[in-house]
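What follows is each chain in one-letter form.
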Amino acid sequence: MPIRDIATAWSVEAAQVHRAYARARKEFRGALLEVLATEGGATESALESKADELLLLLGG
């Protein structure tokens, strides 16, 4: 669903929903990196690459 439609449904400004969405994406990526780090042995760069790959596969 487009953000503008979500904003309409929630009766809030689209900019507010955009900010919340951006924050949620950032928090999700951080959590994903934490989970990936539990595998051990990977460099930070490798973890970042794997997170980007998984996010792309998830459609983001």
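Notes on the structure in this doc start here. Keep in mind that this is a model prediction, so the values were computed, not measured.

### Observations concerning the pattern of salt bridges
Evaluated as defined, the whole model comprises two salt bridges. Aspartate 52 is paired through a salt bridge with arginine 29; the nearest N and O atoms lie 2.6 Å apart. On the criterion of sequence distance, the pair formed by aspartate 52 in helix H3 (residues 44-57) and arginine 29 in helix H2 (residues 14-37) is long-range, its members being 23 residues apart. One network of salt bridges, in which partners are shared, links Arg29, Glu48 and Asp52.

### Quick look at the nonpolar core
Of all hydrophobic cores here, the largest spans six residues; its members are Leu32, Leu33, Leu36, Leu47, Ala51 and Leu55. Breaking this core down by element, the ones donating at least two residues are H2 and H3. Look past the residues within four positions of leucine 47 in its chain and what remains in contact with it is Leu33, Leu36, Ala37 and Ala42.

### A short note on the environment of threonine 43
Along the chain, threonine 43 falls in the loop between H2 and H3. Side-chain polar atoms of threonine 43 contact the backbone nitrogen of alanine 46, separated by 3.0 Å.

### A look at the packing of helix H1 (residues 3-10) against H2
Taken N-terminus to C-terminus, the directions of H1 and H2 make an angle of 115°; their axes are 8 Å apart at the nearest point. You can see that H1 and H2 cross each other, and the crossing is right-handed. Along its contact with H1, which presents Ile3, Arg4, Ile6, Ala7 and Trp10, the element H2 presents Ala14, Val17, His18 and Tyr21. The class makeup of the residues in the contact of H1 with H2 is seven nonpolar, one polar and one charged.

### Some thoughts on the packing of H2 against H3
Where H2 meets H3, the axes come as close as 10 Å, and the angle between the chain directions of the two elements is 125°. One finds that H2 runs oblique with respect to H3. In this structure, H2 meets H3 at a crossing whose hand is right-handed. Contacts between H2 and H3 involve Phe28, Arg29, Leu32, Leu33, Leu36 and Ala37 on the former and, on the latter, Leu47, Glu48, Lys50, Ala51, Asp52, Leu54 and Leu55. When its residues are assigned to classes, the contact of H2 with H3 shows nine nonpolar, no polar and four charged.

What counts, and where the lines are drawn
Residues numbered from 1 in each chain as written. Predicted model: local features only at pLDDT ≥ 70, side-chain atom pairs only at ≥ 80, totals over all residues. Heavy atoms only, no water. Salt bridge = Lys/Arg side-chain N within 4 Å of Asp/Glu carboxyl O. Helix = DSSP H or I, 4+ residues; strand = E, 2+ residues; numbered from the N terminus. Core = buried A, V, L, I, M, F, W, Y, C linked by side-chain atoms within 4.5 Å. Buried < 20%, exposed > 50% of the residue type's maximum accessible area, 1.4 Å probe, protein only. Contact = heavy atoms within 4.5 Å. Polar contact = N/O pair within 3.5 Å; in protein donor to acceptor, adjacent residues only side chain to side chain. Axes fitted to C-alpha atoms, helices over the stretch in contact; angles between N-to-C directions. Left-handed = near helix turned anticlockwise from the far one by under 90°. Nonpolar A, V, L, I, M, F, W, Y, C, P; charged D, E, K, R; others polar. Parallel < 35°, antiparallel > 145°, perpendicular 65-115°, else oblique.

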